[in-house]
Amino acid sequence: MITEAEGTPDERLARAASLRARAAAAGGWFRWYLVALGIVSAVQIALVETVFSEGFARYVVIAGWAIVWTLAGLWAERRAVFPAKAKWYVMGAMAVWFGCYAVLVGPLIRWQFGTSLLPWVLAALGLSLPFFIAAVLVKTRR
């Protein structure tokens, strides 16, 4: 069995660089996880505000979104490698997404356009930008 002290300093440095590269590659799933959360959240807003803007189906879509987020979170927790500050990226993006939807963009789009599909799709994609920005920031930190 090889211990940490075996080998020349250059060999140990090469092993450390190799381990770092493998760990970074193993954490590459996280940026796609953020992109998927952003897409699911955009679809949820578009559906809830346009197609299912009234009635019980609205709550079914919201419950489905919550279930998808929960299952995605459980799947992510089973991963062995997380990038640095992974939870901060998810929570920050979620806070900005929800805050802007509830306070700023949601009421404004609802007031100006009602349940028109195109404005809501554009607004939903814009609201999901924090997830996409977080995915880019995770990638550049490697």
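Quick note: structure is the one above.
Residues numbered from 1 in each chain as written. Predicted model: local features only at pLDDT ≥ 70, side-chain atom pairs only at ≥ 80, totals over all residues. Heavy atoms only, no water.

Inspection of every chain in the model, using the stated rule, returns three salt bridges. Of the charged contacts, one joins Lys87 and Glu77 as a salt bridge, the two residues approaching to 3.9 Å between their closest N and O atoms. Taken together, the residues span a long stretch of sequence, with Lys87 in helix α4 (residues 86–113) and Glu77 in helix α3 (residues 56–77) at a distance of ten residues. Linked through salt bridges whose partners overlap, the residues forming this network are Glu49, Arg58 and Arg110. (Salt bridge = Lys/Arg side-chain N within 4 Å of Asp/Glu carboxyl O. Helix = DSSP H or I, 4+ residues; strand = E, 2+ residues; numbered from the N terminus.)

In this structure, Thr8 sits in the segment before α1 (9–26). For the pair Thr8 and Phe98, spaced 90 residues apart in sequence, the C-alpha to C-alpha distance is 53 Å.

Attention now goes to the packing of aromatic side chains. Within the structure shown, the criterion is met by eleven aromatic pairs. Geometrically, the ring pair formed by Trp29 and Tyr33 is edge-to-face, given 5.7 Å between the ring centres and 65° between the ring planes. In this pair, Trp29 and Tyr33 both sit in helix α2 (residues 29–51), four residues apart, roughly one turn of the helix. Taken individually, Trp29 and Tyr33 each receive the classification buried, so the pair is uniform in this respect. Aromatic pair Trp97 and Tyr101: ring centres 6.2 Å apart, planes at 20°, arrangement stacked. (Phe/Tyr/Trp six-rings, centres within 6.5 Å; stacked < 30°, edge-to-face > 60°. Buried < 20%, exposed > 50% of the residue type's maximum accessible area, 1.4 Å probe, protein only.)

Bringing a nonpolar patch on the surface into the picture now. Taken together, the side chains of Phe56, Tyr59, Val60 and Ile62 make up a nonpolar region of the molecular surface, amounting to roughly 440 Å² of accessible area. With respect to the element layout, Tyr59 can be found in helix α3. (Patch = residues over 30% accessible without salt bridge, like charges linked within 9 Å, V, L, I, M, F, W, Y side chains within 5 Å. Areas by Shrake-Rupley, 256 points an atom, 1.4 Å probe, with all protein chains shown as cover.)

Each pair of packed helices gets described by two things: the angle between the helix axes and the distance between those axes. Helix α5 (residues 117–127) packs onto α2 with a crossing angle of 150° between their chain directions and a minimal axis gap of 8 Å. Considering the angle they form, α2 stands roughly antiparallel to α5. As for how α2 packs across α5, the hand of that crossing is right-handed. Only Leu117, Trp120, Val121, Ala124, Leu125 and Leu127 of α5 make contact with α2, whose side of the interface consists of Ala42, Ile45, Ala46, Glu49 and Thr50. Partitioned by chemical class, the residues of the contact of α2 with α5 number nine nonpolar, one polar and one charged. (Axes fitted to C-alpha atoms, helices over the stretch in contact; angles between N-to-C directions. Parallel < 35°, antiparallel > 145°, perpendicular 65-115°, else oblique. Left-handed = near helix turned anticlockwise from the far one by under 90°. Contact = heavy atoms within 4.5 Å. Nonpolar A, V, L, I, M, F, W, Y, C, P; charged D, E, K, R; others polar.)

Among the nonpolar cores identified, the biggest contains 29 residues, and Phe30, Tyr33 and Leu34 are the most heavily contacted of them. Breaking this core down by element, the ones donating at least two residues are α2, α3, α4, α5 and α6 (129–140). Excluding its chain neighbours within four sequence positions, the residues that come into contact with Tyr33 are Ala72, Gly73, Trp75, Ala76 and Val90. (Core = buried A, V, L, I, M, F, W, Y, C linked by side-chain atoms within 4.5 Å.)

Its place among the elements puts Ser41 in helix α2. Separated by 2.8 Å, the side chain of Ser41 and the backbone oxygen of Leu37 make a polar contact. When near neighbours in sequence (up to four residues on either side) are disregarded, Ser41 contacts Trp65, Trp69, Trp97, Ser128 and Phe131. (Polar contact = N/O pair within 3.5 Å; in protein donor to acceptor, adjacent residues only side chain to side chain.)

From the geometry alone we can't say anything about function, so treat these as descriptive.
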